[in-house]
Amino acid sequence: DTEVTQTPKHLVMGMTNKKSLKCEQHMGHRAMYWYKQKAKKPPELMFVYSYEKLSINESVPSRFSPECPNSSLLNLHLHALQPEDSALYLCASSPVLARSYEQYFGPGTRLTVT
Amino acid sequence: AQKVTQAQTEISVVEKEDVTLDCVYETRDTTYYLFWYKQPPSGELVFLIRRNSFDEQNEISGRYSWNFQKSTSSFNFTITASQVVDSAVYFCALSEARGTASKLTFGTGTRLQVTL
């Protein structure tokens, strides 16, 4: 079962709100990723977790706060976002954090910041 | 630094036509991995294929085929007898080592529109 789930599918939030995006996989993968994708652009890596530890932070603003409570779950906490943060947020996982493994993506959360 | 170039921004074909999506990459690594992903309008990226740098065999999977040529740093993707369901954005990607970690470098994508 190569499935990554993400909730919610759509989210509209104001600039003063606090919200969280959730990602879950049950494939036993030990690497999980957050990407941001603007319209007509490729995905941009934000964060990578390996064995529940933060491995890569691509200089993402602190208004985005990732969390990996266990090997199956990945959260992205959002606070004081800007309208330019509106995008599709994709979660992905891979068996381990290695170049040779493909990543499996979830359907994404379409975020609108008003 | 690694780079992936997909020069074709958009391609439109009529159903049953064959179509080739181009991908050219740059890397200094001697061992590297290339990927193709499909992104339909629903948004989810679907993994299609992985190819490592030391295996130059071409691959065929149903209507899909991939031509990997190290000499020209290309990893092209051909869809034979295209169908409307093939309409999507297709991304080529290169996996880059970052210390003990790794990350994907994506091309800018090619939007394929298949019409009846």
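Everything below is about the structure shown above.
Trainee: Help me out: how do you make sense of the pattern of salt bridges in this one?
Mentor: Once the charged atoms of two side chains with opposite charge are near each other, the side chains can pair. If you walk through the whole model with that rule in mind, you get seven salt bridges over all chains. The partner of Lys103(B) in a salt bridge is Glu58(A), and the shortest N-O contact between them spans 2.8 Å. Of this pair, Lys103(B) sits in strand 11 (residues 101–106) while Glu58(A) sits in the loop between strand 6 (53–57) and strand 7 (64–70), which puts the two residues in different chains. We classify Lys103(B) as buried; its relative accessible area is 17%. Taking the shortest distance from any N to any O, the salt bridge between Glu102(A) and Arg50(B) comes out at 2.7 Å. Note that Glu102(A) is positioned in the loop between strand 9 (87–94) and strand 10 (104–105) and Arg50(B) in strand 6 (residues 46–52), a pairing that runs across two chains. Note on Arg50(B): relative accessible area 37%, which makes it partly exposed. Connected via shared salt-bridge partners are Lys36(A), Arg63(A) and Asp85(A).

Trainee: What am I meant to see in the interface of chain A and chain B here?
Mentor: Accessible area lost upon the coming together of the parts is a frequently used measure of interface size. Counting from both sides, the interface comprises 23 residues of chain A and, opposite them, 27 residues of chain B. Carbon and sulfur atoms make up 55% of the area that chain A and chain B hide from each other, which totals about 2000 Å². For chain A, the biggest contributors to the area lost against chain B are Arg99(A), Glu102(A) and Phe105(A); these three give 34% of the whole. Across the chain A-chain B interface, the total number found is two salt bridges. Counting across the chain A and chain B interface gives four residue pairs in polar contact (both at pLDDT 80 or more). When residues of the side of chain A that touches chain B are traced back to their parent elements, those giving at least two are strand 4 (31–37), strand 6, strand 9 and strand 10 of chain A. Broken down by class, the residue content of the side of chain A that touches chain B amounts to 13 nonpolar, five polar and five charged.

Rules and cut-offs
- Residues numbered from 1 in each chain as written.
- Chains lettered and ligands numbered in written order.
- Predicted model: local features only at pLDDT ≥ 70, side-chain atom pairs only at ≥ 80, totals over all residues.
- Heavy atoms only, no water.
- Salt bridge = Lys/Arg side-chain N within 4 Å of Asp/Glu carboxyl O.
- Helix = DSSP H or I, 4+ residues; strand = E, 2+ residues; numbered from the N terminus.
- Buried < 20%, exposed > 50% of the residue type's maximum accessible area, 1.4 Å probe, protein only.
- Contact = heavy atoms within 4.5 Å.
- Buried area = accessible area lost by both parts, 1.4 Å probe.
- Polar contact = N/O pair within 3.5 Å; in protein donor to acceptor, adjacent residues only side chain to side chain.
- Nonpolar A, V, L, I, M, F, W, Y, C, P; charged D, E, K, R; others polar.

Honestly, that's just the spatial picture; any functional story needs more than this.
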